[in-house]
Amino acid sequence: MAGRFWRFYERANDVVRTFTGPADLGAGHPEGPDVRSAEAACPLCGFPMSAHTIERNDDSRTSTRLHCPAKAA
Ligand SMILES: [Zn+2]
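One structure accompanies this document, and this report is about it. (Residues numbered from 1 in each chain as written. Predicted model: local features only at pLDDT ≥ 70, side-chain atom pairs only at ≥ 80, totals over all residues.)

## Examining the overall build of the protein
Link 1 in the chain: In terms of regular secondary structure, the protein is built from two helices and two strands.
Link 2 in the chain: Its C-alpha atoms give the protein principal-axis dimensions of roughly 65 × 35 × 15 Å.
Link 3 in the chain: Among the 73 residues that make up the protein, the fraction classed as buried is 0%. (Helix = DSSP H or I, 4+ residues; strand = E, 2+ residues; numbered from the N terminus. Buried ≥ 20, exposed ≤ 12 C-beta atoms within 10 Å, placed from the backbone.)

Now the structure itself:
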C-alpha cells in the first residue's frame with residue numbers, strides 16, 4: 001500500500017516538476033562564509049560574548065542558559 005502511494009506521489013511530482021522546475025536552493029545571491037566575531041557585544045549586558053558562560057544540558061527539556069559576566073560579578 002505504502003509502495004503504491006509512493007509511486008503515485010513520485011509520478012505526481014514528475015508532472016508538477018515539468019512546470020515548476022526543481023526546488024530553488026540558496027539565498028538567491030552568491031554566498032560567502034558566515035563570519036561572526038566572538039567579540040560581538042551581548043545584547044543584554046554589552047560585555048563581549050566571549051566573556052560569557054553558556055550552560056548547555058544533555059537533557060532536551062532544559063533550556064540553554066547564558067550567564068552574563070556583569071551579573072556574576
Ligand atoms: Zn551578557
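## So, helix H1 (residues 2-20)
Think of an α-helix as turning once every 3.6 residues; residues three or four places apart then point the same way.
Link 1 in the chain: Taking 1.5 Å per residue as the helical rise, H1 with its 19 residues ought to reach 27 Å, and the 26 Å between its terminal C-alpha atoms agrees with that figure.
Link 2 in the chain: Counting buried residues in H1 gives zero out of 19 residues, a small share hidden from the surface.
Link 3 in the chain: Immediately downstream of H1, the backbone of Gly-21 shows phi near 80°, a positive value. (Expected span 1.5 Å × (residues − 1).)

## Regarding the environment of Phe-19
Link 1 in the chain: Assignment of secondary structure puts Phe-19 in helix H1.
Link 2 in the chain: The exposed category is assigned to Phe-19, around which 6 C-beta atoms lie within 10 Å.
Link 3 in the chain: As a C-alpha pair, Phe-19 and Glu-39 span 20 residues in sequence and 48 Å in three-dimensional space.

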